[in-house]
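# Report on the structure
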Amino acid sequence: MAGRKIRPAAAHAAGKVRLIELGKDVLIAALACSAVFLSTKASLFSGLPLLAEPAATAAPTVRQPQEAVSPYLVAVRNGRGLYGASYDDVLVGRVFNQVSAFFAEAFSTAGAPVSISEKEWRELLESPGVYCAFQGQPPLSALSAWLGGGDFSNGGSAQTLLLAWDGTDVRLSWQDGTHCWSAVTQVSWQNSLEEVLDEFNPNGAAFAYTLAESDGTYDTLDPYVLVSMTVPQPEIYHSSSPDLTGDRDTLERLMNALGFQSGGGAAYETSEGLTVSEGTDRLRAGRGGAVLYHAGGDESRYPVACAGETPTAVEAAGAAWDLLNRAAADWKGESSFVLTGVEKTPEGWTVEFHYRLSGIPVLTGEMGRAAQFVIEGRQITDFSLLLRTYTASGTFSSIPREYLAAAALRSMPDAGGKLTLCYSDTGSETVSAGWLAAD
C-alpha cells in the first residue's frame, strides 16, 4: 500500500536489571480465566524498584455505553513517530475522546470490507493513524452503535481497531481472531484526522514485532503487544463482596434493584446460598457476591426491546448493559464494566462483561468475567453476576518491564503470546496487578 512508512522509536529495557530465579523473584500465578481471553495462564509479578510515576486512578462517574467499549490501549502514529498509552484510564480516555468521533464516522461511511494479509495490516499499522486494543472481542455492531457510528451490518467482532491513511484513503481495519479486515471510509485526512493526530508527540512506544528485529527476546510475545518506555505502576485495591446471605437489608436492596418484591416470594437456604422464588422465576444469592437468575416461564421480567422479531446483537447487549448497571450500582465501587463478547446462539445471544480498574482489565472468579446474560427470543432468561466492590488502597505495585516478563516467558516451555496487564481477583481482601500471557 502507498503512504508514509514510519518506524517507531525503540523502547529499550533497563540494561542492568537482573532476572533472578523465577521461583523467588517472578511469581507465576495460574489464573482460571474466560475462554474469550486465555489459553495460557501465567501471571508474572516482580519486586523490582519503582520505575515510573504512579498512574492517575480517577474513575469516571458517568456510566454510559461508550464506557463499555472503551479500549485499554491506544497508539497514535504521525509524521514524527509513535505515541502510545495503555493501562491508564485517564491517558487512554483522553486520547480516545479525541479520536472516537473519527471511528464513528468511519463506521458510518465504511464500504464493503475485504480480507487483508498480515503484511498489509502492518503496512497500515506503520502508516499515519490510530490503533486501539479492546478487552475481549466486542462485536463491531456494538462498537459502531455505542461510539455513535450507527448501524454497522458486518457481523464480526474485533479485538483491535485501526484507522489509518494509506496515502489515498482513510481505511478502517480490524483484527477478528487471526484474520485481518479493512474497508475504505469517507473520513477526511487533510485538515481533519491529520491535524488531530499531529497533536501527539512520540513517547518511545513500539510494537513487539519491530523490537524483535534487533532483540529476539521480543519474539516470545504477540507481535502487536505495545511496549512502552515506562513501566506501569498499578494501584492495589481493597476488594469485598456484599453480604447477600447474612444481611437482610443488603439482599432486599438487590431484590429491589432486580424487580423482586421483598417478602413477596418464598425464600429458602441451600448449600450454595439463599434462593428466592417469585412465581416461576428463581433468584439465587450466593456467598462471595455471586448472583444467579433463571426465568421459569415464557414471560420474563426482563424483556429486550427490539425493532424486529428478535433482538440484534446491539439490542441484546444494550438490555444486558442496563440490567447489569441496575444490579451492580450499589456495589461496584471504583470499577467499570466493559463489553467483552456477544455470541450468537440457536436461541438468541450470550453477552459477557468484565470488570476494569483504572484502565486495567480484571479477572474475577473461576471464569474471569463479571457477568453473563442469556437472551432467548425477546427476553433475558438467565444471568450470572459476581458483585465485587473495589476501593483504592493508596499503595502501588511494582511490576517488571515487558522485556523482563518476555524473558521469563521465554524460559518457560510452550509459553508466550499476548502480554496483558491484569488484576487477578480470587476473592481475597486485596487485588494486585501483574503480567498475564495468553496465546
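Only a predicted model underlies this, so the values are computations on that prediction, with no experimental measurement involved.

Next up on the list: the packing of helix H3 (residues 89–109) against helix H6 (residues 189–197). At their nearest, the axes of H3 and H6 sit 10 Å apart, and the two run at 150° to each other. Considering the angle they form, H3 stands roughly antiparallel to H6. Seen from above, H3 lies across H6 with left-handed handedness. Counting all contacts with H3, which are made through Gln-98, Val-99 and Phe-102, the residues of H6 involved are Ser-192, Leu-193, Val-196 and Leu-197. Grouping the amino acids of the contact of H3 with H6 by side-chain chemistry returns five nonpolar, two polar and no charged.

Here the focus is H6. Among all positions of H6, only Trp-189, Ser-192, Leu-193, Val-196 and Leu-197 are buried. Each buried residue of H6 sits inside an arc of 120° when the element is viewed along its axis, so together they form one side. In H6, the exposed residues that point more than 90 degrees away from the buried face are Gln-190 and Asn-191. Elements that come into contact with the buried residues of H6 comprise strand S3 (73–78), H3, strand S6 (129–133), strand S7 (160–165) and strand S8 (170–176).

A word on helix H8 (residues 248–257). Note: α-helices contain 3.6 residues per turn, so residues at a spacing of three or four share the same orientation. Those residues of H8 not exposed but buried are Thr-250, Leu-251, Leu-254 and Met-255. Taken around the axis of H8, the buried residues stretch over an arc of 135°, which confines them to a single face. Turned more than 90 degrees from where H8 packs its buried face, Asp-249 and Asn-256 sit exposed. Of the surrounding secondary structure, the elements contacted by the buried residues of H8 are strand S14 (273–278), strand S15 (281–285), strand S16 (290–294) and helix H9 (313–328). Its side-chain oxygen at 3.0 Å from the backbone nitrogen of Asp-249, Asp-247 defines the N-terminal cap of H8. Positive phi appears at Gly-259, one or two residues downstream of H8, with a value of about 80°.

In this structure, Tyr-87 is a non-glycine residue whose phi angle is positive, near 55°. Following the sequence through the fold, Tyr-87 ends up in the loop between strand S4 (81–86) and H3.

Before going further, it helps to examine the confidence of the model for the protein chain. On average, residues of the protein chain carry a pLDDT of 84, and 84% of them reach 70 or more. Across residues 1–62, where pLDDT falls below 50, the model places 170 contacts with residues more than four positions away in sequence or in other chains.

Moving on: the sheet that holds strand S24 (residues 430–431). Across the sheet, which stays open at both edges, the three strands sit in the order S22-S12-S24 with antiparallel pairing between neighbours. Each edge of the sheet is formed by a strand with only one pairing partner; in this case those strands are strand S22 (389–396) and S24. Of the strand pairs in this sheet, strand S12 (residues 235–240) and S24 are connected by two bridges, and their pairing is antiparallel. For Tyr-237, the partnering residue across the bridge sits in S24 and is Val-431.

Here we take up the packing of aromatic side chains. Throughout the structure, instances matching the rule amount to 23 aromatic pairs. Taken together, a centroid distance of 5.5 Å and an interplanar angle of 20° make the contact between Tyr-72 and Tyr-87 stacked. Of the two residues, Tyr-72 is situated in the loop between helix H2 (65–68) and S3 and Tyr-87 in the loop between S4 and H3; the sequence distance between them amounts to 15 residues. Each member of the pair, Tyr-72 as well as Tyr-87, carries the same accessibility label: buried. Between Tyr-293 and Phe-383, the aromatic rings sit 5.1 Å apart at their centres with planes inclined by 20°, giving stacked as the arrangement. Residue Tyr-293 is found in strand S16, and its partner Phe-383 is found in strand S21 (residues 379–386); the two are separated by 90 residues along the sequence. Relative accessible area serves as the criterion here: at 3%, Tyr-293 is assigned to the buried category. Taking relative accessible area as the criterion, Phe-383 reaches 4% and is therefore assigned buried. Aromatic ring contacts, followed pair by pair, group Trp-146, Phe-260, Tyr-293, Tyr-302, Trp-321, Phe-353, Phe-373 and Phe-383 into a single cluster. Over the face of the ring belonging to Phe-260 we find Arg-301, whose NZ or CZ atom lies 3.9 Å from the ring centre.

Thresholds applied
- Residues numbered from 1 in each chain as written.
- Predicted model: local features only at pLDDT ≥ 70, side-chain atom pairs only at ≥ 80, totals over all residues.
- Heavy atoms only, no water.
- Axes fitted to C-alpha atoms, helices over the stretch in contact; angles between N-to-C directions.
- Helix = DSSP H or I, 4+ residues; strand = E, 2+ residues; numbered from the N terminus.
- Parallel < 35°, antiparallel > 145°, perpendicular 65-115°, else oblique.
- Left-handed = near helix turned anticlockwise from the far one by under 90°.
- Contact = heavy atoms within 4.5 Å.
- Nonpolar A, V, L, I, M, F, W, Y, C, P; charged D, E, K, R; others polar.
- Buried < 20%, exposed > 50% of the residue type's maximum accessible area, 1.4 Å probe, protein only.
- Arc of directions from axis to C-beta.
- Polar contact = N/O pair within 3.5 Å; in protein donor to acceptor, adjacent residues only side chain to side chain.
- pLDDT = per-residue confidence, 0-100.
- Pairing = 2+ DSSP bridges.
- Phe/Tyr/Trp six-rings, centres within 6.5 Å; stacked < 30°, edge-to-face > 60°.
- Lys NZ or Arg CZ within 6 Å of the ring centre and 35° of its normal.

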